[in-house]
Structure formats: C-alpha cells, structure tokens
Amino acid sequence: MVQQTLKDIFSNYVSSANIIFKNKDVLSHNYVPEVTYHREEQIRQLANILAPSLKGHGVSNCFLYGKTGTGKTLVARNVTSELKKTNNNINILYINCKMKKISDTEYRLLAEMSRLLGKEVPPTGLPTDAVYNVFLSAVENLGGNLILILDEIDALVNKIGDEILYNLTRINQNINTTKVSIIGISNSVSFLETLDPRVRSTLSEEEIIFPPYNYNQLKDILKQRADMAFNDGVIQPGVIEKCAALAAQEHGDARKALDLLRIAAELAEREKSPKVEIRHVDMAESKLDSDRIIEIVRMQPKQSLAVLAAIIRLVESKQEDIQTGDVFSIYEEICSRTGLKILTQRRVSDLIAELDMLGIINTRVISKGRYGRTREIRITLGEPITENIKKILRENYLL
DNA sequence: GTCAATTCACATGAAAGAGACCACGGTCTAGTG
DNA sequence: CTAGACCGTGGTCTCTTTCATGTGAATTGACGA
C-alpha cells in the first residue's frame, strides 16, 4: 500500500516535472549566466583593475559594495573566472564569509583558505599562528597571482574584527613569490568607515559601486533566466512583471526576484497547473517570508526558544509595551516548569537582541524617564506565521 | 516657572570561566612472528 | 616488533556569568522672579 502511494508520488513527479521547468538550476543563486545584464560598467571597471595580473603584475585591492542581489558576487566571479581562462597562472580564491563555520573565527577562515589551496588543516587543536603559517606557505608555493575574493566581508569583520584583514593586506610584504590582492564585497556602504584607517586605505584602493536594479532591469534579468528555465508559453503574461515589481520595491534585489519566480513555478507545478499565474507569485511571496522565519526559529537553541515563548505568552495576554523585565520573569517560570537552566538577565537581554536581529521580534530601546530604560518588545509577524512558531514551541514543550 | 541634579531599569561592554571539542606526542598493551 | 588504545597537554570555540559602566527622560528640589 505504502509502496504503491510512493510509486504514485514519484511517477507523478517524473511525468509532471517537465511541464513547467526546462532547467531549474538556472534560477538558483549560484548560477552564473554567460551574459550579465545591466552591469556592463562594473564589469569593465573590475576588468580594468584586474587586467595587469595577466602580465604577472600586482593588482590593486578592490572593494565592491551595493545592496543584496545587485550582482556584486556575480560580476566578481564572472570577471575572475574569465581572467583565469586567459591566464592559468592566476589563482582565484572565493570565500563567502557569511557561511557559518568559516567566518566565526580567524582560525576557521585561515583553515578554509588553506584547505582551498590544498593544505588540509584540522578543524581545531592547532594554535592560530600555526594555521597562519600553513596558509602563508601554501600561498608562497602557489606562485603567480592570487586573487582573494572575500564575499560579505562585513560579516567577517563584525565577528572577528579587522585585524585579520590587516594581516591579509600586508601579506605581500612577507611573500615575494606570489602576488596577493583582495576583492572585498560588502552589502553595507558604511562598512568601510568602521574599519581601521590603515586597513581601509589599503583595502579600498579601488571602489566599485553597485546601484540597485530598477524595475525594467529586473524584468530583463528575469526574462533572460526564464527563457532558459521554463518551457515555452508556461509563464503567463504579467508574472515576470509582478516578480520584478515586488523585488524592485525591496531595494532592487535580483536574488529575491529569482526566488519569487522559482517558488511561484514550484507552487504551480505542485498544483499540477500547466501555467504559472500571477496568483502563484502572490503565494510565493508570503511563502518566502514565512519559510524564512520558520526556518530561523527552528534553528534556534532551546534557551532562545524559551525566551521567545515568554514573549509570545505576554503578547497573548494582551499586555501593552512588553519589557525585558517582564519577559525575564515569565522566562524564569517557563524554565523552572520545563527543568531548563535559568540564565542571567544579562544573557536573556542578549537573546532578546538576537531575536530582534533575526527579524522574529521587533524591539526598540526606550527611556521611560524616572522609570528606567528598557526594550519595548513587539511581534509584527502575521497571524499564520505566529501560529507556526507556536507549533514549534509546543513541540519543544515551551508553551 | 526654570533648570540642574537625581533616579530608575535596564542596555551595553569587557573580561574571564566552564566545558566541549580536537591534535599531537608519549606510553602502554595485546597480538604476531 | 608493531598497530592500536589510552592519556596528558595544550590549543580553540561557544555559551555563559560577573563586574563595570552608560543612558535618557521623568521626577525632584533648589532657586529666583
């Protein structure tokens, strides 16, 4: 019986899968298209900066910034891979600093870079300077040029400070066989200002700005990908326009536009609808939001969930302006009921701030004059998402 | 009525501890020839 | 003799606590008009 239903599901999937999608991978974040629309200027600038490496000369460090989904990573990867095709002596090292387990500590970053250069480093146990030496010798053996792309470099600096960048920018002084240059990529324009002046001046010898895409540009990009991704005539008129419009509202994020299109199509496919319609885009939009939040909540450690449960209980009891102190006392209650260890208020305060950062709750630090200074906590998520969060909390016996 | 001082309830920072994980090198032990 | 088990040491990492300092406006109280 079970076997039969499984068979049905799979065979249904196989027979229906091709109605809509021709090549789904095209819509993924990692896909690098041959032609990059509306970034010709940036490509030209970056290519000019990196060109001297083709003749074995050193290259200026360079800093790319612009909001998420404005094509920074795409341009960087595109130009550098083209560079490598032309001259094999150029080595490209791409590191996404946002990825956990890499950017958490200096050690891990160095270990990851060494690993990419072919030197395995144990995940822990070695002194950091030992790993640094491993990395240095790996770079030294490389020869030629090494272009280090540090994507989401602001995440790195937030976590472990800018000392590592200082060391990296000075690497050329310790090594003469290999010429190292760095391409830093950041979402935040103000990031440079937070850096140590010495690092700032070396890192941003050249700067390239990526403005947000506007509606028409997003439409072009989506059209290009949609042609490759979908079978002919599957996309109803207006769908691409809607995706582009929604993403344009949100600081012209091409990544979001692609996500919307992909999820809308997946929803249509699941419904066995032969076409992707505008209502699928609407569904995709709310799904995108809700999935992100739910996924984040699911990944939270038990203590954070307990704090969240306390907040939700206060919201349910219709209490106005919830404060850190209120949350803490409910939290204590929840902990003693479930046998969870009670953390200090200091720590709980940090957990609340983290939940805020993740976008699960909204907080604002306000001063109530004589009555102290505290965080005002609110939940702005919609009813359906909150219900899902409550389900997760109940699974953990916290509600 | 005006204005500086006070006060509250935390926020925020810094430092340090606990306990987990891991690598490495030395020592012990059991199995093999 | 040797491979593998075991142990101690020294390192990192994450979460947490402890201690210290900062914050901003309502309230208070002294002062002068």
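All values derive from a computational prediction rather than experimental measurement.

> Explain the environment of Arg337 to me, please; I cannot follow it from the model alone.
Among the secondary structure elements, Arg337 is positioned in helix H15 (residues 324-338). With 61 residues separating them in the primary sequence, Arg337 and Leu398 have C-alpha atoms 8.9 Å apart. Ignoring sequence-local partners within four residues, the contact set of Arg337 consists of Arg313, Tyr397 and Leu398.

> How should I be thinking about the pairing of strand S3 (residues 144-151) in this particular structure?
Successive side chains on a regular strand alternate, one facing one side of the sheet and the next facing the other. By the criterion of burial, S3 is predominantly enclosed, with seven of the eight residues buried. Bridge analysis of strand S2 (residues 90-96) against S3 gives seven bridges, and the strand direction is parallel. Counterpart to Leu93 in the pairing with S3 is Leu148. Bridge count between S3 and strand S4 (residues 178-186): seven bridges; the pairing is parallel.

> Explain the side chain of Thr70 here, please?
The topology assignment puts Thr70 in the loop between strand S1 (62-65) and helix H3 (72-86). What makes Thr70 buried here is its relative accessible area of 0%. At a separation of 2.6 Å, a polar atom in the side chain of Thr70 contacts the main-chain carbonyl oxygen of Lys67. Once you skip the residues sitting within four places of it in the chain, Thr70 turns out to touch Arg39, Phe210, Pro211, Pro212, Tyr213 and Gly252.

> Can you walk me through the packing of helix H4 (residues 106-116) against helix H5 (residues 128-142) in this structure?
Orientation of H4 relative to H5, taken along the N-to-C sense of each, is 25°, at an axis distance of 9 Å. With respect to their mutual orientation, H4 and H5 come out roughly parallel. Relative to H5, H4 is oriented so that their crossing is left-handed. Residues Glu106, Tyr107, Leu110, Ala111, Met113 and Ser114 of H4 touch H5, and the partners they reach there are Thr128, Val131, Tyr132, Val134 and Phe135.

> What am I meant to see in the packing of helix H14 (residues 302-316) against H15 here?
For any two helices packed against each other, the geometry comes down to the angle between their axes and how far apart the axes lie. Where H14 meets H15, the closest approach of the two axes is 8 Å, and the angle between their N-to-C directions is 120°. With respect to each other, H14 and H15 are oriented oblique. In terms of crossing hand, the pair formed by H14 and H15 is right-handed. Seen from H14, the contacting residues are Gln303, Ala306, Val307, Ala309, Ala310, Ile311, Arg313 and Leu314; seen from H15, they are Asp326, Val327, Ile330, Tyr331, Glu333, Ile334, Cys335 and Arg337.

> How do you make sense of the pattern of salt bridges when you look at a structure like this?
Per the counting criterion, the structure on display carries 19 salt bridges. Note that Asp282 and Lys242 form a salt bridge whose closest N and O atoms lie 2.9 Å from each other. Residue Asp282 is located in helix H13 (residues 278-299), and its partner Lys242 is located in helix H11 (residues 239-249); the two are separated by 40 residues in the primary sequence. Salt-bridge contacts for Asp291 lead to Lys287; the nearest nitrogen and oxygen are separated by 2.7 Å. Here Asp291 pairs with Lys287, and both are found in helix H13, just four residues apart, close to one helical turn. A residue is classified by how much of its surface remains accessible, and Asp291, at 37% relative accessible area, is partly exposed. You can call Lys287 partly exposed: its relative accessible area is 27%.

Cut-offs applied
Residues numbered from 1 in each chain as written. Chains lettered and ligands numbered in written order. Predicted model: local features only at pLDDT ≥ 70, side-chain atom pairs only at ≥ 80, totals over all residues. Heavy atoms only, no water. Helix = DSSP H or I, 4+ residues; strand = E, 2+ residues; numbered from the N terminus. Contact = heavy atoms within 4.5 Å. Buried < 20%, exposed > 50% of the residue type's maximum accessible area, 1.4 Å probe, protein only. Pairing = 2+ DSSP bridges. Polar contact = N/O pair within 3.5 Å; in protein donor to acceptor, adjacent residues only side chain to side chain. Axes fitted to C-alpha atoms, helices over the stretch in contact; angles between N-to-C directions. Parallel < 35°, antiparallel > 145°, perpendicular 65-115°, else oblique. Left-handed = near helix turned anticlockwise from the far one by under 90°. Salt bridge = Lys/Arg side-chain N within 4 Å of Asp/Glu carboxyl O.

Shape descriptors only; they carry no functional weight alone.
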